[in-house]
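# Geometric and topological summary
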Amino acid sequence: MSVSSLRKVYKGSGRSPEKVALHDIDLTVPRGSLFALLGPNGAGKSTLINILAGLVRKTSGQAAIWGYDIDRDTRMSRASIGVVPQELNIDPFFTPHELLELQAGLYGVPKRERRTNEILESLGLLDKADAYTRTLSGGMRRRLMVAKAMVHAPPILVLDEPTAGVDIELRQQLWSQVRALNAAGTTVLLTTHYLEEAEELCDTIAIINYGRVIACEPKEQLLQRLDNKELQVTVEGDLRVTPPELEAFAPELAASNRLVFRYKASESPVAYILEALSRAGLTVADLRTEEADLEDIFLQLTSGAHATDDSSGRGDVGAVQG
Ligand SMILES: Nc1ncnc2c1ncn2[C@@H]1O[C@H](COP(=O)(O)OP(=O)(O)OP(=O)(O)O)[C@@H](O)[C@H]1O
């Protein structure tokens, strides 16, 4: 799936000014990936996926799904994508089986090609196939939404904030279903404002902020961008000043028995630090290292963007949770 120079301007009305939700963005979601579109509220994530889903009209630029241009090959591009919206809008008086059959009908899937039971099974819902939807738990309803998006066997599944407001246990459950769908060959694009979700679940991460893509790369590569590491050393006894043997490493004396060394991971100085500690006659009681995580990267990439680019007052970077 790819977009290029994709722009969306929402027209102003009354006293609200027009809003540029996407500033000519370029983005490619590789086939087979489990891709996170990460960004704070108001960043433009829903706008982007609603354009792909055919629910919002782009202002300019191109978008292609599974290689099909959304303007020229509308039918094929729609057939190639399944979208799971944020809201749980399921008719409570149908059973899961009936709902999937109805949805398949809407997509024109011939009866003999329908895979209703197979889909219900893959999402752990087969034993609820004939239960009224109103009797299903919140987690089951979420999975039913995913099942609905799969009836026309789209190669790409898009999930808009799949775990917003979902409890931790349910989140884990949903993650493993999404992983399984991806392992079975479905390309998955999900939007999230949970850093943890992108870090745990996805192999590729794009960060979007104020309608601009500010990073897009494999997760490991993104995490390596910040080369910073930290070594915290707790020593036996009390220190009043940094011993001269350690000065070259410029540690912070964080407590009377704790030194914090900050260094570039690529420089691997730990052996030298330990040697210097021993030369200084210090006995190490405890050691801990910390690496930069996605939150550090996110903050580094988004810092400064706030004042210059937002006219809506939304999109608070602080809304991102680690
Ligand atoms: N129909 C609309 N009319 C005017 N402005 C809109 C409309 N929909 C969205 N916007 C604005 O466009 C910007 C991007 O919104 P969008 O919903 O795409 O962000 P998001 O990243 O999906 O955020 P959220 O997580 O809150 O859904 C926001 O500033 C939003 O206020």
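Residues numbered from 1 in each chain as written. Predicted model: local features only at pLDDT ≥ 70, side-chain atom pairs only at ≥ 80, totals over all residues. Heavy atoms only, no water.

## Details of the site of the ligand
Formally: Being near a molecule or strand, for a residue, comes down to having at least one heavy atom within 4 Å of it. Distance and chemistry together define a polar contact, namely a pair of N or O atoms within 3.5 Å, with one atom able to donate a hydrogen and the other to accept it when in protein, and with adjacent residues in sequence counting only for side-chain atoms on both sides. Counting from the N terminus, the helices are DSSP H or I runs at least four residues long and the strands are E runs at least two residues long. Under the convention adopted here, Pro, Cys and the residues Ala, Val, Leu, Ile, Met, Phe, Trp and Tyr are nonpolar, Asp, Glu, Lys and Arg are charged, and Gly plus all remaining residues are polar.
In the vicinity of the ligand, 14 residues are found, and the nearest of them are Gly-42, Gly-44, Lys-45, Ser-46 and Thr-47. A distance of 3.0 Å is found between an oxygen atom of the ligand and a backbone nitrogen or oxygen belonging to Ala-43. Within the backbone of Gly-44, an N or O atom sits 2.9 Å from an oxygen atom of the ligand. Every element with two or more residues in the shell around the ligand is listed here: strand S2 (19-28) and helix H1 (45-52). Along the lines of polarity and charge, the residues of the shell around the ligand split into four nonpolar, six polar and four charged.

## Examining the packing of aromatic side chains
For clarity, the threshold we go by: Pairing of aromatic rings covers Phe, Tyr and Trp, the last through its six-membered ring, and needs centres within 6.5 Å; plane angles under 30 degrees mean stacked, over 60 mean edge-to-face, and all others mean tilted. Lysine NZ or arginine CZ positioned within 6 Å of the ring centre and within 35 degrees of the ring normal marks a charge as sitting over the ring.
What the rule picks out here adds up to one aromatic pair. For the pair Phe-249 and Phe-261, a centre-to-centre distance of 6.4 Å together with 75° between the ring planes defines the contact as edge-to-face. Here Phe-249 is found in the loop between strand S11 (228-235) and strand S12 (252-255), whereas its partner Phe-261 is found in strand S13 (residues 258-264), with twelve residues between them in sequence. A cation over an aromatic ring shows up here: Arg-31 above the ring of Trp-66, its NZ or CZ 3.9 Å from the ring centre.

## Quick notes on the sheet that holds strand S14 (residues 284-291)
Heads up, the rule is: A strand pair is defined by DSSP finding two or more bridges across the two strands. Every axis corresponds to a line fitted to the C-alpha atoms, with the helix fit spanning only the stretch in contact, and the corresponding angles, defined between N-to-C directions, vary from 0 to 180 degrees.
Pairing is antiparallel in the open sheet, where four strands are placed in the order S12-S13-S11-S14. Pairing within the sheet leaves two strands with one partner each, and these edge strands are S12 and S14. Taken over all neighbouring pairs, the strand axes of this sheet differ in orientation by 25° on average, direction set aside.

## Looking at the sheet that holds strand S1 (residues 2-10)
Note the threshold: Contacts are assigned to residue pairs with any non-hydrogen atoms lying within 4.5 Å of each other.
With respect to topology, four strands assemble into an open sheet ordered S2-S1-S4-S5, the strand pairing being antiparallel. Looking at the sheet topology across the chains shown, the edges are occupied by S2 and strand S5 (68-69). Direction of pairing for strand S4 (residues 60-65) relative to S5: antiparallel, over a ladder of two bridges. Bridged to Ile-65 within S5 is Tyr-68. Set on the sheet, H1 makes contact with S1, S2 and S4; between it and S1 the angle comes to about 115°.

## Focus: the domain arrangement of the protein chain
Our working rule: As used throughout, domain bounds are those supplied by an automatic or database domain assignment.
In terms of domain boundaries, the protein chain breaks down into domain 1 (2-80 + 154-224) and domain 2 (228-291). For domain 1 and domain 2, the distance between their C-alpha centres works out to 43 Å.

## Overview of the pattern of salt bridges
Counted only if it meets this: Only one rule defines a salt bridge in this text: a Lys or Arg side-chain nitrogen within 4 Å of an Asp or Glu carboxyl oxygen. When a residue's accessible area, from a 1.4 Å probe over protein chains only, is under 20% of the maximum for its type it is buried; when over 50% it is exposed; and in between it is partly exposed.
With the rule as written, the count across this model stands at ten salt bridges. The closest approach of N and O atoms between Asp-71 and Lys-58, which form a salt bridge, is 2.7 Å. Here Lys-58 lies in the loop between H1 and S4 and Asp-71 lies in the loop between S5 and helix H2 (74-79), a separation of 13 residues in the sequence. Asp-71 gets classed as exposed once you look at its relative accessible area, which sits at 51%. Two residues, Glu-230 and Arg-262, come together in a salt bridge whose shortest N-O distance is 3.4 Å. Remark: Arg-262 occurs in strand S13 and Glu-230 occurs in strand S11; sequence separation between them is 32 residues. Take Glu-230: its relative accessible area is 18%, and that puts it in the buried class. Among the charged side chains, a network of salt bridges with common partners joins Glu-230, Glu-252 and Arg-262.

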